Amino acid sequence: MGEKNRAWIELSRENLAYNVERLQSLIPKECRLMPAVKADAYGHGMVLIAGMLANLGIEDFCVACADEGIKLRQAGITGQILVLGYTYPRQFDKLVDYDLTQTVVDSHYAQELQRFGKEIKVHVGIDTGMHRLGERCEKTEAIRGIWDCDHLRITGIFSHLCVADSPDEKDRVYTLEQIHKFEQTIEELRKSGIEGFSRHLQGSYGILNYPWLAYEHCRPGIALYGLLSNEEDKHRCSVDLRPVMELKTRVQSVRTVYAGEGAGYGLDFQAKKDSCIAALSIGYADGIPRELSGRGHVLIGGKKAPIIGRICMDQMLVDVSAIPKVKAGDEAVLIGGQRAEQITGEQFAGWCNTITNELFSRLGSRLERMEK
Ligand SMILES: *Cc1c(COP(=O)(O)O)cnc(C)c1O
C-alpha cells in the first residue's frame, strides 16, 4: 500500500461504485460493463482499480496491450481480458499462456494469428468509420473469411465510435451511420449462419449519448473514473459522475522572494512585491504538464495558491502570500477538494490545454496510489 510521503493519488472506492451504478442504470441491464483499465487505469492504478471493480461484480476488462493483460491476470482477474490493440506475433504465446482475448485488427492480421497454429481467443474489430483498427465494414467477404480461420476462437465483434462525444448534428448523423454499419455487418454474418458472440460498440460517450444500444458489452473508460474529457462536456452532461481520484503533494520549503526578484528556471516569475513562495514536491516527471507553468492554482490550507514560474521535473512553485502559516509538510491538493474549495480534473486539464484522458493517463509511476 502506498504512503502519503512526497506526492500521491487517493482513490475513492465509494465514488467508483457510484459511477458503475450510474452507468449501468443508463443502459439495458443485459449489457455488461467491460471497463477500459488500460494505461494504468487512466493513471489511477490498474491493479487497485480492477480489484475494486471485481469486488463490485465486474468480470471482464479491456486493456491496450498484452503486457497490461498479463499484469491483470497476475493480479487475480479471472474474467475475459480483451487486448484492444495490436500484439506483435512474437508475443502470441503470451496470449495463450495468460488466456487473453486478442483484437483482430484487420483480416490480414487474422491470417497472422491463424498461422500461429494454436487456439487464440479473439474479438473481431470492425472499422465503421474511425479508420484506425478493424476490418473495413464494407469488406463483407474478408470479414466472413475471418470465421474460416480454425485456430481463432471468436467470442466477440466490436467497433469504435469516433465522434460520439459531439452534440453537433453532423456528428450525430455520422455516429448513427456507424451504428447502422455495425448492425449491418452483424446481420450479414447472421445470414451466413455466424452468430452467438458478444457485441460491443460504446465507450463512455457512446453510453452517455447513445444509451439505448442493447449489446452484450460496453467499454467505459473515462466516465467510470468520474471524469469527462473537458469542462464543456461536464457542464453539458446530465449524469452525475463522481471523481475517483484526488492528487496531492506536500509543501517542502517556504521562503520570501523580495520585490524585483525572480524565481524558478528562466526566472519567469517576477515578484512585484515581497512574496511568500512555497516549493511543492511534484513536477513534470510525475505527469504535471509544463504547460501548467504560471497557470491555475493548488489548494493549501483550504485556500487557492496560484502556480508561479516554470514546472520543474520534480518540483513546482506556488505563491502562498495570501495564506497564513504555510509550513513544510503541509498538504497541497492539485486535483480534489480541501475544505470548501474544489479543483476538478476537467478544470486542471483545461489549464494544461489538454483533455483529462491525456492528463490522467500520463500521471507518473513515482506517485503512490492508495485507497482513501
Ligand atoms: C480507450 C478505449 C475505450 C474507452 O474509452 P473512453 O472514452 O475512455 O470511455 C473504449 N474502446 C476502445 C476501443 C478504446 O480504445
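The rules we used
- Residues numbered from 1 in each chain as written.
- Predicted model: local features only at pLDDT ≥ 70, side-chain atom pairs only at ≥ 80, totals over all residues.
- Heavy atoms only, no water.
- Helix = DSSP H or I, 4+ residues; strand = E, 2+ residues; numbered from the N terminus.
- Buried < 20%, exposed > 50% of the residue type's maximum accessible area, 1.4 Å probe, protein only.
- Contact = heavy atoms within 4.5 Å.
- Areas by Shrake-Rupley, 256 points an atom, 1.4 Å probe, with all protein chains shown as cover.
- Lys, Arg positive; Asp, Glu negative; His and termini not counted.
- Charge placed at Lys NZ, Arg CZ, Asp CG, Glu CD.
- Salt bridge = Lys/Arg side-chain N within 4 Å of Asp/Glu carboxyl O.
- Near = heavy atom within 4 Å.
- Polar contact = N/O pair within 3.5 Å; in protein donor to acceptor, adjacent residues only side chain to side chain.
- Nonpolar A, V, L, I, M, F, W, Y, C, P; charged D, E, K, R; others polar.
- Pairing = 2+ DSSP bridges.

A. Examining the overall build of the protein more closely. The number of helices and strands found in the protein is 12 helices and 20 strands. Taken along its principal axes, the extent of the C-alpha atoms in the protein is 80 × 45 × 35 Å. Counting the 372 residues in the protein, one finds 51% classified as buried. Within the protein, residue pairs in contact and separated by at least 24 positions form 64% of the contacts whose partners lie at least 6 positions apart. As displayed, the protein has an accessible area near 16,700 Å², and 48% of this comes from carbon and sulfur atoms. With 46 positive and 51 negative side-chain charges, the protein shows a separation of 4 Å between the mean positions of the two kinds.

B. Fine view of the pattern of salt bridges. A full pass over the atoms with the stated rule returns 31 salt bridges. We note a salt bridge from D314 to R366, for which the minimum N-O separation is 2.9 Å. Here R366 lies in the loop between α12 (356–361) and β20 (368–371) and D314 lies in the loop between β16 (303–308) and β17 (316–319), a separation of 52 residues in the sequence. Relative accessible area serves as the criterion here: at 27%, D314 is assigned to the partly exposed category.

C. Geometry of the site of the ligand. In the region of the ligand, the neighbouring residues are A36, K38, Y42, L84, R132, H160, G203, S204, R219, P220, G221 and I222. The backbone of G221 places a nitrogen or oxygen atom 2.7 Å from an oxygen atom of the ligand. Within the complex, the protein chains bury 86% of what would otherwise be the 390 Å² of accessible surface of the ligand. Looking at the shell around the ligand residue by residue, the classes come out as five nonpolar, four polar and three charged.

D. Just the environment of A39, in detail. Within the secondary structure layout, A39 lies in helix α2 (residues 38–42). Its relative accessible area of 32% is what places A39 among the partly exposed residues. When the C-alpha positions of A39 and L280 are compared, they lie 26 Å apart, and in sequence the two are 241 residues distant. Contact partners of A39, with chain neighbours within four places excluded, come to E68 and S361.

E. Focus on the side chain of Q80. Tracing the backbone through its elements, the reader meets Q80 in the loop between α4 (66–74) and β4 (81–83). At 3.5 Å, the side chain of Q80 and the side chain of T155 are in polar contact. Those residues in contact with Q80, other than ones at most four positions away along the chain, are M34, E59, D60, F61, T101, H123, T155 and H217.

F. Seen up close, the pairing of strand β11 (residues 245–257). Pairing of strand β1 (residues 7–11) with β11, which is carried by five bridges, proceeds in the antiparallel orientation. Each residue of the ladder has a partner; that of L11, found in β11, is M245. Pairing analysis gives four bridges linking β11 to strand β18 (residues 331–338), with the strands arranged antiparallel. Note that in β18 the partner of R250 across the bridge is E331. Sheet topology note: the β11/strand β14 (residues 275–280) ladder contains six bridges and is antiparallel. Its bridge partner lying in β14, R255 is registered against I277.

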